[in-house]
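One-letter residues, chain by chain:
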Amino acid sequence: MVTSSHTPIRLRDVAREASVSQGTASNVFNRPDMVREEVRKRVLQAAEKLGYAGPNVAGRLLRAGKVNAVGVAAIEPLSYFFEDLWARHLLSEISKICDAQGAGVALVSAVSDERLDWNIQSAVVDGFILLCVEGGERLVDITRARKLPYVALAIGAADTNIPAICVNNIDGARLAAEHLLSLGHRRFGILSTLIDDDCIGLVSEAQMRDARYSTSRDRAIGYWQALETAGIAIADTPIMVTQEDEKSTHANMAKLFSGSDHPTALLAMSDKIAMWAVDWLSRNGFNVPTDVSVVGFDGVPESAVATPKLTTIEQPMAEIARLAVEAALGGLQVEGRRILPAKLVVRQTTAPPP
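The rules behind each value
- Residues numbered from 1 in each chain as written.
- Predicted model: local features only at pLDDT ≥ 70, side-chain atom pairs only at ≥ 80, totals over all residues.
- Heavy atoms only, no water.
- Core = buried A, V, L, I, M, F, W, Y, C linked by side-chain atoms within 4.5 Å.
- Buried < 20%, exposed > 50% of the residue type's maximum accessible area, 1.4 Å probe, protein only.
- Helix = DSSP H or I, 4+ residues; strand = E, 2+ residues; numbered from the N terminus.
- Contact = heavy atoms within 4.5 Å.
- Pairing = 2+ DSSP bridges.
- Axes fitted to C-alpha atoms, helices over the stretch in contact; angles between N-to-C directions.
- Phe/Tyr/Trp six-rings, centres within 6.5 Å; stacked < 30°, edge-to-face > 60°.
- Lys NZ or Arg CZ within 6 Å of the ring centre and 35° of its normal.
- Expected span 1.5 Å × (residues − 1).
- Parallel < 35°, antiparallel > 145°, perpendicular 65-115°, else oblique.
- Nonpolar A, V, L, I, M, F, W, Y, C, P; charged D, E, K, R; others polar.
- Patch = residues over 30% accessible without salt bridge, like charges linked within 9 Å, V, L, I, M, F, W, Y side chains within 5 Å.
- Areas by Shrake-Rupley, 256 points an atom, 1.4 Å probe, with all protein chains shown as cover.
- Salt bridge = Lys/Arg side-chain N within 4 Å of Asp/Glu carboxyl O.

A. Local environment of the nonpolar core. One finds Phe-188, Ile-190, Ile-195, Met-208, Tyr-223, Trp-224 and Leu-267 to be the most contacted residues of the largest nonpolar core, which totals 30 residues. Elements represented by at least two residues in this core include exactly helix H9 (169-182), strand S6 (188-192), helix H11 (214-229), strand S8 (239-241), strand S9 (265-268) and strand S10 (293-298). Of all the elements, H11 adds the most residues to this core, at six residues. With residues up to four places along the chain from it excluded, the contact list for Ile-195 reads Val-203, Gln-207, Met-208, Ala-211, Arg-212, Tyr-213, Ser-216 and Val-241. Residues Trp-86, Ile-129, Ile-165 and Leu-323 belong to the second largest nonpolar core, which totals 29 residues.

What follows is the structure, encoded as structure tokens:
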């Protein structure tokens, strides 16, 4: 049999070459125990001769309607899943649940607009967990078109019909500030996660309330609620926006601590920012928590083994992952916004002010 080099070899071609039915050829690859040895050998020799690579597993699984795998997608490069502490923690919890259920996990990078549709449409999964964080509306729209179960995590979109699991950022942030207030602190500084793609350094209350990224805005609101209840004006608490990296965090710390009336307590909107702040304080002669107290947010595993161990607001990551995997595999679906509580975990970075 002669085939064009540009024509893919199909199972029917192998069956014709081996002089068997297509069903028999299929059994050779999928249920070999049902085929006599001499027939099996003849089909395999025909496949090798023609260059047939075997059946399309993805196509077979999709036709069966169930692949027992979850797609985890983000509008980030694939390195995000391993380098970002929050994403890495979440992926670890998702993996534990999938391991227990014998399910697979497929990472889907949606960083490229040109490839976004293709990456979502071609993923061999039963459903998706979308790490939207912020700006994930396009990712949601494309995933909806796939007509598979999906759930978004940490999304700030106004559409409350999007099935989403979120932590209560306002209440969690308020817990952090109330803890520091209960210790007697009155001079605070806020180290913020991104509020838009460009802003960095000292920002006003108005800028924070207009933040594009709702996570930062909500956490600031939670801090403010506690501080105002204690009689501390919003204007008296500087808000420093970082780019969520060590360099910008250290630069903001240098500005916060340039005067004698520097904060005695820092409210950091993520654990990684908090740990970089502790590092800066240590390098510059400040003791944590004797001189300055620090509270993070997220409850990533690294916060529990840092030196000193970080006081933080812990997200219920195992519960978030459980609900998300169940929804993505076609089980109990999330209806609208499912908001989960965060909790305060007191460790070694908080103490009464000096």
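B. Structural detail: the sheet that holds S9. Taken together, the seven strands give an open sheet; going across it, the order is S7-S8-S6-S9-S10-S11-S13, and neighbouring strands pair in mixed fashion. The open sheet terminates on both sides in strands that have one partner only, identified here as strand S7 (201-203) and strand S13 (343-345). Each strand of the sheet is rotated relative to its neighbour by a mean of 25°, with strand direction disregarded. Pairing of S6 with S9, which is carried by four bridges, proceeds in the parallel orientation. Bridged to Leu-191 within S9 is Ala-268. Sheet strands touched by helix H13 (residues 271-283): S6, S9, S10 and strand S11 (311-314). Its angle to S10, the strand with the most contacts, is close to 155°.

C. Focus on the packing of aromatic side chains. In the structure shown here, the tally under the stated rule is four aromatic pairs. On the numbers, 5.7 Å between centres and 40° between planes, the contact of Phe-257 with Trp-280 is tilted. Of the two residues, Phe-257 sits in the loop between helix H12 (246-256) and S9 while Trp-280 sits in helix H13, which places them 23 residues apart along the sequence. On the basis of relative accessible area, Trp-280 is assigned to the buried category, the value being 11%. With centroids separated by 6.2 Å and ring planes inclined at 20°, the aromatic side chains of Trp-280 and Phe-286 adopt a geometry described as stacked. Here Trp-280 matches Phe-286 in class, with each residue buried. What links up through ring pairs into an aromatic cluster is the set Phe-257, Trp-280 and Phe-286. Here the guanidinium or amino end of Arg-219 rests over the ring plane of Phe-297, the centre of that ring lying 3.7 Å away.

D. A look at H13. With 13 residues, H13 should cover 18 Å at 1.5 Å per step; its first-to-last C-alpha distance of 18 Å lies within 8% of that length. Among all positions in H13, only Asp-271, Lys-272, Ile-273, Ala-274, Ala-277, Val-278, Trp-280 and Leu-281 are buried. Taken from the residues just after H13, Gly-285 is the one with a positive phi, measuring 85°.

E. Main features of the packing of helix H1 (residues 11-18) against helix H2 (residues 22-30). Taken N-terminus to C-terminus, the directions of H1 and H2 make an angle of 105°; their axes are 8 Å apart at the nearest point. Taken together, the axes of H1 and H2 lie roughly perpendicular to each other. Here H1 contributes Leu-11, Arg-12 and Ala-15 to the contact with H2, which in turn contributes Gln-22, Ala-25, Ser-26 and Phe-29. Its residues assigned to classes, the contact of H1 with H2 shows four nonpolar, two polar and one charged.

F. Up close: a nonpolar patch on the surface. A grouping of Leu-78, Phe-82, Val-105 and Leu-107 is seen on the molecular surface, where their side chains present a nonpolar patch of about 320 Å² in accessible area. Since its relative accessible area comes to 49%, Phe-82 is described here as partly exposed.

G. Molecular detail of unusual backbone geometry. In this chain, Val-288 is followed by Pro-289 through a cis amide linkage whose omega measures 15°. Mapped onto the fold, Pro-289 is located in the loop between H13 and S10. Geometrically, the link from Thr-307 to Pro-308 is a cis peptide bond, its omega value of -10° lying close to zero. Along the chain, Pro-308 turns up in the loop between helix H14 (301-305) and S11. Even without glycine at this site, Asn-68 takes up a positive phi of about 60°. Tracing the backbone through its elements, the reader meets Asn-68 in the loop between helix H4 (57-64) and strand S1 (69-74). Its relative accessible area of 29% is what places Asn-68 among the partly exposed residues. Backbone geometry at Lys-147 places phi at a positive 60°, although glycine is not the residue there.

H. Local environment of the sheet that holds S1. Spatial ordering of the open sheet is given by S2-S1-S3-S4-S5-S12, a layout of six strands whose pairing is parallel. What marks the edges here is a single partner per strand, and that holds for strand S2 (104-109) and strand S12 (337-340). Looking at each pair of strands side by side, their axes are set apart by 20° on average, direction ignored. Two strands pair when backbone bridges link them, and S1 and S2 are joined in this way by six bridges, in the parallel orientation. Its bridge partner being in S2, Ala-74 is matched across the sheet by Ser-109.

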